[in-house]
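# Chain and residue survey
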Amino acid sequence: MKLARYNNGRIGVVTESGLVDVTEAAGVDPAQWPPVGPTQLIADFDRLRPAIEAALASGTPIPLSEVRLKTPVPWPNKVIAFPVNYQAHGVEMGAGYRANNQGFFLKPSSSLSGESEPVVLPDLPGREVHHESELAVVIGKTARNVAPEDWKDVVFGYACLLDMVVRGREERVARKAYDTFCPVGPWITTADEVKNPDQLQMRLWVDDELRQDANTRDLVLDLPGMIAMASAVMTLYPGDIIATGTPEGVGPVVAGNKIRIEIDDLGEMVVDVVQGEGGQASMFDEPYQLVKQS
Ligand code: MN
């Protein structure tokens, strides 16, 4: 099932003929704040699924061109992200570590956005904002100390994710925390529709230029390893998102660009880039430009 969040926070199931609204069957109140309805939907999905499927069978599809897709889980407990998790990206960054021995960091939930919401560039002269194409894993169960062989038990689904970043040497979390720096979508594809998550081809274009083209089989720390490591430290909750790391080919985006990410089985998400005002902070006073290694 492809579960989308759209317009003012309604829930839809995406089919080949369009999106069918299932907000009521999913038990989600679009007006609720904080917007934890989708988190609760994931926690209760096994119980709610029959009602959602009934609503899907009797509903009228809306063309996708007529809806504004939002980020599917706007208020997760956390977004976990693994840095330098493909060898060739480690080489281009000149990084002396990999995710298996470095661990993970967190991105704030406030950085989440969806396909209909552009990436807003902060006004930082002398700095580049880069795209990182990543597979997102959405957690479905409350879990701690998950053994690698049990990893699939706690996965709800998958999505495309852009881990946007201001390049530099400052604190990584701060450089990756701007609002709109974590587009996720275009929807969540439930795990039963993704037969081989460890063999997904992932591509990213900026306008018509193919920048990133890699396969999840080349992850340094694989999906079982990431879930085992994160859950060794923290309780995982339904709706938690894991950004699994980016392959080689990261690069700058500027206002007017369109970023397109496509992953096997999950679909494609196209996000506009616009220039914002503000966002200056003293940590970015010094210019920086990444010189990629090869
Ligand atoms: Mn990343």
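Each chain carries its own residue numbering, running from 1 in the written order of its sequence. Totals for whole chains, interfaces and linings use all residues, but because this is a predicted model, local features are given only for residues with pLDDT of at least 70 and pairs of side-chain atoms are given and counted only at 80 or more. As a convention, hydrogens and water are excluded, and side-chain values are obtained from all of the structure's heavy atoms.

## Looking at the domain arrangement of the chain
Note the following rule: Domain start and stop positions are those given by an automatic or database domain assignment. Only heavy atoms matter for contacts: two residues are in contact if any of them lie within 4.5 Å across the pair. Two parts placed together each lose some accessible area under a 1.4 Å probe, and the buried area is that loss summed for both. Take a side-chain nitrogen of Lys or Arg and a carboxyl oxygen of Asp or Glu: if they are within 4 Å of each other, that pair is a salt bridge. We call two N or O atoms a polar contact when they sit within 3.5 Å, provided that within protein one can donate a hydrogen and the other can accept it, with sequence-adjacent residues counted only if both atoms are side-chain atoms.
For the chain, the domain assignment lists domain 1 (2-67) and domain 2 (79-279). The straight-line distance from the C-alpha centre of domain 1 to that of domain 2 is 24 Å. The partner domain 2 presents 14 residues to the eleven residues of domain 1 that form the contact. Carbon and sulfur atoms supply 63% of the area that domain 1 and domain 2 bury against each other, a total of about 1,000 Å² over both sides. Looking only at domain 1, the three residues that lose the most surface to domain 2 are Lys2, Leu3 and Ile42, adding up to 59% of its buried area. Scanning the region where domain 1 abuts domain 2 turns up three salt bridges. The closest approach of N and O atoms between Asp46 and Lys141, which form a salt bridge, is 3.8 Å. At the boundary of domain 1 and domain 2, one finds three residue pairs in polar contact (both at pLDDT 80 or more).

## Comments concerning the coordination of the manganese ion
Stated precisely, the cut-off is as follows: Coordinating donors are taken as N, O and S atoms within 2.8 Å of the metal, stretched to 3.2 Å for Na, K and Ca; because water is absent from the atoms, sites can appear incomplete. Buried, partly exposed and exposed residues are distinguished by accessible area as a fraction of the type maximum, computed with a 1.4 Å probe on protein chains only: under 20%, between the cut-offs, and over 50%, respectively.
Protein ligation of the manganese ion involves Glu132 (OE), Glu134 (OE) and Asp163 (OD), the donor distances falling in the range 2.0 to 2.2 Å. Donor residues for the manganese ion, ordered by position in the chain, follow E-x1-E-x28-D. Taken as a pair, Glu132 and Glu134 share a single burial class, namely buried.

## Describing the pattern of salt bridges
Basically, it comes down to this: Runs of E in the DSSP output that reach at least two residues are strands. Runs of H or I that reach at least four are helices, and both are numbered from the N terminus.
Under the defined criterion, the tally for this structure stands at 18 salt bridges. For Arg127, the salt bridge identified is with Glu170, shortest N-O distance 2.7 Å. Remark: Glu170 occurs in the loop between strand 12 (165-166) and helix 5 (172-175) and Arg127 occurs in the loop between strand 8 (119-121) and strand 9 (129-131); sequence separation between them is 43 residues. Per residue, the accessibility class of Arg127 equals that of Glu170, and both read buried.

## Things to note about the sheet that holds strand 18 (residues 258-263)
Heads up, the condition is: Here a strand pair is declared whenever DSSP counts at least two bridges between the two strands. Lines fitted to C-alpha atoms define the axes here, with helix axes fitted over just the stretch in contact, and angles between the N-to-C directions of these axes take values from 0 to 180 degrees.
Read across the sheet, five strands follow the order 8-19-18-14-15 without closing on themselves; strand pairing throughout is mixed. Of all the strands in the sheet, the pair left with one neighbour each is strand 8 and strand 15 (209-215). Taking the axes of each pair of neighbouring strands and ignoring which way they run, one obtains an average angle of 20° across the sheet. As judged from the three bridges shared by strand 8 and strand 19 (residues 267-275), these two strands associate in the parallel manner. Its bridge partner lying in strand 19, Val120 is registered against Val274.

## Examining helix 2 (residues 45-58)
Operational definition: A helix is expected to reach a length of 1.5 Å times the quantity of its residues less one. What we call the bend at a residue is the angle made by axes fitted to the seven residues finishing there and the seven residues starting there.
Helix length check: helix 2, at 14 residues, gives a terminal C-alpha distance of 19 Å against a target of 20 Å (1.5 Å per residue), a fit within 8%. At Ala51, helix 2 is deflected by roughly 25°, the largest bend along its length. Of all the residues in helix 2, the buried ones are Phe45, Leu48, Ile52 and Ala55. In the core, the buried residues of helix 2 are packed alongside strand 1 (2-6), strand 2 (10-15), strand 3 (18-21), helix 1 (37-43), strand 11 (155-162) and strand 13 (182-190).

## Re the sheet that holds strand 12
Ordered in space as 12-9-17, the three strands form an open sheet in which the pairing is antiparallel. Edge positions in the open sheet fall to strand 12 and strand 17 (251-253), since each of these has one partner strand only. Pairing of strand 9 with strand 12 involves two bridges; the strand directions are antiparallel. Looking at the pairing, Val129 lines up with Val166 of strand 12.

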